Amino acid sequence: MAFEHRPVMLQEVMDSFPRPPVGLVVDATLGLGGYSEAFLSRWPECRVAGIDQDGQARAIAQERLARWADRFAVWPGNFRRLNDLMASHGEKEAAGVVVDLGVSNLQITEGERGFSFREDGPLDMRMNASEGLTASQLVNQMTEDELAGIFFRYGEERFARSIARAIARRRGQSSIETTGQLVEVIREGMPAAAQRKANGHPARRVFQALRIAVNDELGALEDLLSQVCGLLADGGVFVAVTYHSLEDRLVKWAMREWEGQWLGIPVSRRGLTPSEDEVLSNPKSRSARLRAFERRDNYQIEQGRLGPWRR
């Protein structure tokens, strides 16, 4: 099966690097390899390592980028283990690290992965389909209060409580095993007027919340942020493309902390959003925000700060 793949904000990602990187660039969310392909084709002096926990995505990307086999490697795993992954491959520093925190078209398109609220399939949502609890297990085993908390915290869902109540009623009759069944229950838990006014599909926020919970996405991002700046070479750049405020807030706070420690400077303080043309041609990009940070080992001296006080 062929999958449409448009890397989100690709030009803005590449423009975040003040100069073409020399050395290792880590595509920490490899997916189908869209960013990696651009890096390899446009930056001849870089090597690329692509990290992904999805075996199907890794296989597609490796085949797609086979012509750069001498400069491209696939590292199975989760980017939250970036330090260990680099060390296990003999890499001490990176000229760049890029993450796109969205769900890939591969996962959304295939109903059997359980990510899509438009395609019916098993209620799974695991990015690594070989380990961890499924979304069905969470929906059927968590208490009503726990579900409401997940929907509100991770999905910012206004009707979190009534949706959780509807789920509890339904599973009292039979377990919820498919995405279609969950969508039906979500609709039962929302007022009809709210569904009509919903920005997008009425199940979107609940599916987002469950996906985040199943894959511990915010915990993984926090783990990455605790490591990544220390792994950048002098002049190295970290780029993050986020899709909701929870992710963006973590990235923004981390970059502010790094700047406060005089480790470098944000490339764009307010973050960047996609152009109108990109949103029209690739609706998936509409909620994206890009933030980037450049590591500068001499930033303290550049700013005239030689010790713990400003001169």
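Quick notes on the rules
Residues numbered from 1 in each chain as written. Predicted model: local features only at pLDDT ≥ 70, side-chain atom pairs only at ≥ 80, totals over all residues. Heavy atoms only, no water. Helix = DSSP H or I, 4+ residues; strand = E, 2+ residues; numbered from the N terminus. Rg over C-alpha atoms; globule rule 2.2 N^0.38 Å. Buried < 20%, exposed > 50% of the residue type's maximum accessible area, 1.4 Å probe, protein only. Contact = heavy atoms within 4.5 Å. Salt bridge = Lys/Arg side-chain N within 4 Å of Asp/Glu carboxyl O. UniProt positions renumbered as here; feature names shortened; annotations may be inferred. 1 Å grid on protein atoms, 1.4 Å probe; cavity = no way out; pocket = protein on both sides within 12 Å on 5 of 7 lines; lining within 4 Å. Polar contact = N/O pair within 3.5 Å; in protein donor to acceptor, adjacent residues only side chain to side chain. Points joined across faces, edges and corners; volume = space filled by probe spheres on them. Phe/Tyr/Trp six-rings, centres within 6.5 Å; stacked < 30°, edge-to-face > 60°. Axes fitted to C-alpha atoms, helices over the stretch in contact; angles between N-to-C directions. Parallel < 35°, antiparallel > 145°, perpendicular 65-115°, else oblique. Domains from an automatic or database assignment. Buried area = accessible area lost by both parts, 1.4 Å probe.

## A look at the overall build of the chain
Step number 1: What the chain contains, in helices and strands, is 15 helices and 7 strands.
Step number 2: Radius of gyration (C-alpha) of the chain: 21 Å, near the 19 Å computed for a compact globule of 311 residues.
Step number 3: In the chain, which comprises 311 residues, the proportion classed as buried is 54%.
Step number 4: When contacts within the chain are restricted to residue pairs at least 6 apart in sequence, those whose partners lie at least 24 apart make up 71%.

## A closer look at the pattern of salt bridges
Step number 1: Applying the stated criterion across every chain yields a total of 18 salt bridges.
Step number 2: Of the charged contacts in the structure, one is a salt bridge between Arg161 and Glu144, with a shortest N-O distance of 3.8 Å. Taken together, the positions of Arg161 in helix H8 (residues 160-171) and Glu144 in helix H7 (residues 144-155) put the pair 17 residues apart, joining distant regions of the chain.
Step number 3: When its relative accessible area of 38% is taken as the criterion, Arg161 is described as partly exposed.
Step number 4: Notably, a salt bridge pairs Arg170 with Glu184, separated by 3.0 Å at the nearest N-O pair. With a gap of 14 residues between them, Arg170 in helix H8 and Glu184 in helix H9 (residues 179-188) connect regions that are remote in the sequence.
Step number 5: In this structure Arg170 comes out as buried when scored by relative accessible area, which is 15%.
Step number 6: Among the residues examined, Glu184 registers a relative accessible area of 42% and is labelled partly exposed.
Step number 7: Counted as one network, the salt bridges with shared partners bring together Glu144, Asp145, Arg161 and Arg165.

## Observations concerning the UniProt feature "binding site: S-adenosyl-L-methionine" (unreviewed entry) in the chain
Step number 1: In the numbering adopted here, UniProt assigns the feature "binding site: S-adenosyl-L-methionine" (unreviewed entry) to Gly33, Gly34, Tyr35, Asp52, Phe79, Asp100 and Gln107. Checking the named residues against the largest cavity, the ones that line it are Gly34, Tyr35, Asp52, Phe79, Asp100 and Gln107.
Step number 2: Here Tyr35 is to be found in helix H2 (residues 34-42).
Step number 3: A polar contact of 2.5 Å, which involves the side chain of Tyr35, links it to the backbone oxygen of Val8.
Step number 4: Its place among the elements puts Phe79 in the loop between strand E3 (72-76) and helix H4 (82-88).
Step number 5: The exposure class assigned to Phe79 is buried, which follows from its relative accessible area of 11%.
Step number 6: Excluding its chain neighbours within four sequence positions, the residues that come into contact with Phe79 are Ala28, Thr29, Ile51, Val99, Leu101, Ala220, Leu221 and Leu224.

## What to know about unusual backbone geometry
Step number 1: With a phi angle near 55°, Met9 is a residue other than glycine that sits in the positive phi range.
Step number 2: By secondary structure assignment, the location of Met9 is in the segment before helix H1 (10-15).
Step number 3: Accessibility expressed as a relative area gives 0% for Met9, which makes it buried.
Step number 4: Located in the positive-phi region is Glu156, a residue other than glycine, with phi close to 50°.
Step number 5: Within the element layout of this structure, Glu156 appears in the loop between H7 and H8.

## A short note on the layout of surface pockets
Step number 1: Considered as a void within the structure, the second largest pocket measures approximately 260 Å³ in volume.
Step number 2: Taken together, 15 residues make up the lining of the second largest pocket; nearest its centre are Met190, Ala194, Ala198, Asn199 and Arg205.
Step number 3: For the lining of the second largest pocket, the elements supplying multiple residues, two or more each, are helix H10 (192-197) and helix H11 (204-215).
Step number 4: A total of 3 residues in the lining of the second largest pocket trace back to one element, the largest contributor, which is H10.

## Section: the packing of aromatic side chains
Step number 1: Here the structure, examined in full by the defined rule, presents 6 aromatic pairs.
Step number 2: Seen from their ring centres, Phe39 and Trp43 are 4.9 Å apart, and the 10° between their planes marks the pair as stacked.

## Some remarks on the packing of H7 against H11
Step number 1: Viewed as axis vectors pointing N to C, H7 and H11 meet at an angle of 95°, and their least axial separation amounts to 8 Å. Between H7 and H11, the angle is such that the two are roughly perpendicular. Residue-level contacts link Ile150, Phe151, Tyr154 and Gly155 of H7 to Arg205, Val206, Gln208, Ala209, Leu210, Ile212 and Ala213 of H11.

## What to know about the domain arrangement of the chain
Step number 1: With domains assigned, the chain is organised as domain 1 (10-105 + 217-303) and domain 2 (111-215).
Step number 2: Distance between the C-alpha centres of domain 1 and domain 2: 30 Å.
Step number 3: At the interface, 11 residues of domain 1 touch 12 residues of domain 2.
Step number 4: When domain 1 packs against domain 2, the two sides together hide about 1,100 Å² of surface, and 47% of this comes from carbon and sulfur.
Step number 5: Considering only the surface of domain 1 that becomes buried against domain 2, Gln53, Val103 and Glu217 emerge as the three largest contributors, covering 49% of it.
Step number 6: Where domain 1 touches domain 2, the interface holds 2 salt bridges.

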